[in-house]
Amino acid sequence: MTNLRISPGGNDRFVAIEHGLWNSQWQMQFPEAINAKEGAIMAWPSNCRPEWERLSQGWGYSWRTTEAYGADVHAMNHRDTAGNPQYSEFFVGLALRAEMLVGGDELRLSLTLTNESSMVAHSVSCDGGCWQARSEAFMNNEEVARSHVMVGWSMISMASLPRSLAIRCAYRCDPAKRNSLGEEWFWGHSATAIDFPAIFGAVSADGKKAIVLGYTAAESGLANSDGHHCLHSCPSLGHIAPGQSVRRIGYVLFGSDIHVLGNTLKNKLVAGAGFEPATFRLWA
């Protein structure tokens, strides 16, 4: 028996998530962005129009980067705050399989990238998905203080950690690599070294409810307390050779104590890290 219900929003990447017992809602852009050293694979501003399919315990879709998609995003002429153009280059030929399944009081996330091109995609990374609060229980009312990240096996309030921007922040397991994130102009940064894999979470305004999320091999994460009310755990997929597939598994857990949830998720991710992508089964 589960208290969770999920459903895609339509012809975009957003999934609506509802916890019936809590009367709380979220949405997740699943995922929001994927990048390689050679260029973007999936861009946050563009609607990829995936064709969702109903699975026995959730939803999934398959999608592939194309030259037409890259041209459409490039034509949007996105620029950073300094006026530098964004999304000038794309890596064409990577195929994505995304699945979100419900099991008890948790969501299980699977992102698989397959290189269908003839070139190696280097240093592939993904934002994991943009998890956005959409109910008053988790919005407003000192939201930064109620947002947490795991440091030293403890879920720590972001209000107690240094950050260059008050409203949002990018956190890394190795803060020295912060420039490789590529979007510090928007996200800012923190000097805090967070735990690997990166685990993020939030506590409700009344302190009685909590959620945590994280992925295997997540080397960084993001938190935004503007109108998005969002959290990300960002898995690294490394170099993907032609014909190779790489999978990353993530979870969203729901409960009453963020510290218990954080440690439960840490143990799940550490245990799951030993499975090879080709043999790992999400419900094993």
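Refer to the preceding data block for the structure.
Criteria and cut-off values
Residues numbered from 1 in each chain as written. Predicted model: local features only at pLDDT ≥ 70, side-chain atom pairs only at ≥ 80, totals over all residues. Heavy atoms only, no water. Helix = DSSP H or I, 4+ residues; strand = E, 2+ residues; numbered from the N terminus. Contact = heavy atoms within 4.5 Å. Phe/Tyr/Trp six-rings, centres within 6.5 Å; stacked < 30°, edge-to-face > 60°. Buried < 20%, exposed > 50% of the residue type's maximum accessible area, 1.4 Å probe, protein only. Lys NZ or Arg CZ within 6 Å of the ring centre and 35° of its normal. Pairing = 2+ DSSP bridges.

**Student:** Outline the environment of Ile194, listing residues and values.
**Tutor:** One can find Ile194 in the loop between helix H3 (184–187) and strand E15 (199–203). Expressed as a C-alpha distance, the spacing of Ile194 and Ile258, which sit 64 residues apart in the sequence, is 16 Å. Apart from the residues lying within four places of it in its own chain, the contact partners of Ile194 are Val149, Met150, Val151, Tyr171, Arg172, Cys173 and Phe200.

**Student:** How would you explain the packing of aromatic side chains if you had to name every residue and give the values?
**Tutor:** Applying the stated criterion to the full structure yields twelve aromatic pairs. Taking the centre distance of 5.4 Å and the plane angle of 65 degrees together, the rings of Trp26 and Phe254 count as edge-to-face. Residue Trp26 is located in strand E3 (residues 24–29), and its partner Phe254 is located in strand E19 (residues 245–255); the two are separated by 228 residues in the primary sequence. In terms of burial, Trp26 and Phe254 fall into one category: buried. It is Arg168 that lies over the ring of Phe186; its NZ or CZ is 4.0 Å from the centre. A cation over an aromatic ring shows up here: Lys268 above the ring of Tyr251, its NZ or CZ 4.6 Å from the ring centre.

**Student:** Could you give me a rundown of the pairing of E15, with the residues and numbers involved?
**Tutor:** When you tally the buried positions in E15, you get five out of five residues, the bulk of the element. Side chains Ile199, Gly201 and Val203 project from E15 onto one buried face, and the interleaved Phe200 and Ala202 project onto a second face that is buried too. The sheet contact formed by strand E12 (residues 147–151) and E15 spans three bridges and is antiparallel. Of the residues in E15, the one forming a bridge with His148 is Gly201. Sheet topology places E15 next to strand E16 (residues 210–215); five bridges connect them, and they run antiparallel. From the neighbouring strand, Gly201 faces E16, where its bridge partner is Val212.

**Student:** An account of unusual backbone geometry is requested, with residue identities and associated values reported.
**Tutor:** Along the chain, Phe30 connects to Pro31 via a cis peptide bond; the corresponding omega equals -20 degrees. As for its placement among the helices and strands, Pro31 is situated in the loop between E3 and strand E4 (34–36). Of the consecutive residues Phe196 and Pro197, the connecting peptide bond is found in the cis state with omega at -5 degrees. Position of Pro197 among the secondary structure elements: in the loop between H3 and E15. Notably, Arg49 is not glycine yet its phi reads approximately 50 degrees, a positive angle. When you line up the elements, Arg49 lands in the loop between strand E5 (39–42) and strand E6 (53–55).

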